[in-house]
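Descriptive analysis of the structure
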Amino acid sequence: MRLDRLLSNQNGISRQTARELLRQGRVRVDNQVCHDGLHEITRFMQVTLDQHCLQAAQPAYYLMLHKPAGYLSATQDPQHPTVLELLPAELRAQLHLAGRLDRSTTGLMLLTNDGLWSRQLTSPSAKLAKVYRVTTRESISPQAAARFAQGIYLAREDLFTRPAELQLLSPCEALLTIYEGRHHQVKRMFHAVGNRVCALHRERMGPLHLDPALAPGDYRPLDAHEIRTIWDPT
Ligand code: URA
C-alpha cells in the first residue's frame, strides 16, 4: 500500500493532513524520514508518526537450501518428503518456494515469505539466468549448443525456449544456462536433441549461487546483500 494511503486510513488523518505530515518530516519508514507519499509500504516495513507506531514490521525470511534428491518441491505430500520438512516447524507455515525443482533434481532452492521478492526471481519477464549442471546418458552432441541457442520447440506449450547457453565440461557433463523455468525444461531440451538427463543440479538463480558450504539438506538465511541483489543483479 502507498504511504499516503496508509496515513489517511488512520483515524483523524485526512489526505490533506497526511500530505502535511509528510512535508513536515514527521513520518518515518524503517526509522528514516520519508516525504514521499507514493512510497510503497510492505508488511515488512515499520511506519511511525512522531513517536507512534502506525505499523509494526513483520519479520521477513529469505533462505537458501541445498535440496537433496528425493524431496518434493511442495508444501506437503502424502507419499514423499518435501523440502519444507527440512526446515524448522515454526517456519514451514510461513514460507513458500521461489521456483521448483523435480524430485530427483538437487541444488539451489530459495524460500521466503516475501511474495514480491519471489516473483522477481521467478517471473518470466525478469529473465533471470538459472544455471544447471547436467549429467547425460549419451555424449552431448556437437550440435546441442547451437540448437539450445536457437531455442527448442516445446509442443505442449507450442513455443520455442528462450536462447540458452551450453558449456561442455566433459562428454557427458555440461553447464546449461536458461532464462525461464518451464516444467521439466532441461530434461525436455536434452530429450529434443536425442539425449537423456541422468543427474541435474541447480547451481545458480540470477545472482544467487548455491553456497558450497551447504551440504545436501542444509539451509542458511541470505545476507542483506544477497536479498537486495536480485533487484539489481548487474
Ligand atoms: N529442468 C528440469 O527438467 N528439471 C528441474 O528440476 C529443473 C529444470
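Residues numbered from 1 in each chain as written. Predicted model: local features only at pLDDT ≥ 70, side-chain atom pairs only at ≥ 80, totals over all residues. Heavy atoms only, no water.

**Focus: the site of the ligand**
- Neighbouring the ligand are L101, D102, T105, Y132, H184, Q185, V186, K187 and L200.
- The backbone of K187 places a nitrogen or oxygen atom 3.1 Å from an oxygen atom of the ligand.
- The fraction of the free accessible surface of the ligand (240 Å²) that becomes covered by protein chains is 96%.
- Structurally, the ligand is housed in the largest pocket. (Near = heavy atom within 4 Å. Polar contact = N/O pair within 3.5 Å; in protein donor to acceptor, adjacent residues only side chain to side chain. Areas by Shrake-Rupley, 256 points an atom, 1.4 Å probe, with all protein chains shown as cover. 1 Å grid on protein atoms, 1.4 Å probe; cavity = no way out; pocket = protein on both sides within 12 Å on 5 of 7 lines; lining within 4 Å. Sits in = over half its atoms within 2 Å of the grid points.)

**Focus: helix 2 (residues 15–23)**
- Buried residues of helix 2: A18, L21 and L22, and no others. Relative to the axis of helix 2, the buried residues are bounded by an arc of 100 degrees and lie together on one face. Seen from the buried face of helix 2, the exposed residues on the opposite side, beyond 90 degrees, are Q16, R19 and R23.
- Buried residues in helix 2 make contact with helix 1 (3–8), strand 1 (27–29) and strand 3 (47–49).
- The first or second residue beyond helix 2 is G25, which carries a positive phi of 75 degrees. (Buried < 20%, exposed > 50% of the residue type's maximum accessible area, 1.4 Å probe, protein only. Helix = DSSP H or I, 4+ residues; strand = E, 2+ residues; numbered from the N terminus. Arc of directions from axis to C-beta. Contact = heavy atoms within 4.5 Å.)

**Some thoughts on the pairing of strand 5 (residues 62–67)**
- Most of strand 5 is tucked away: six of the six residues are buried.
- Here strand 5 shows two buried faces, one formed by Y62, M64 and H66 and the other by L63, L65 and K67.
- Pairing of strand 5 with strand 7 (residues 106–112) involves six bridges; the strand directions are antiparallel. In the strand pairing of strand 7, L65 is matched with M109.
- Bridging between strand 5 and strand 15 (residues 219–221) involves three bridges; their strand directions are antiparallel. (Pairing = 2+ DSSP bridges.)

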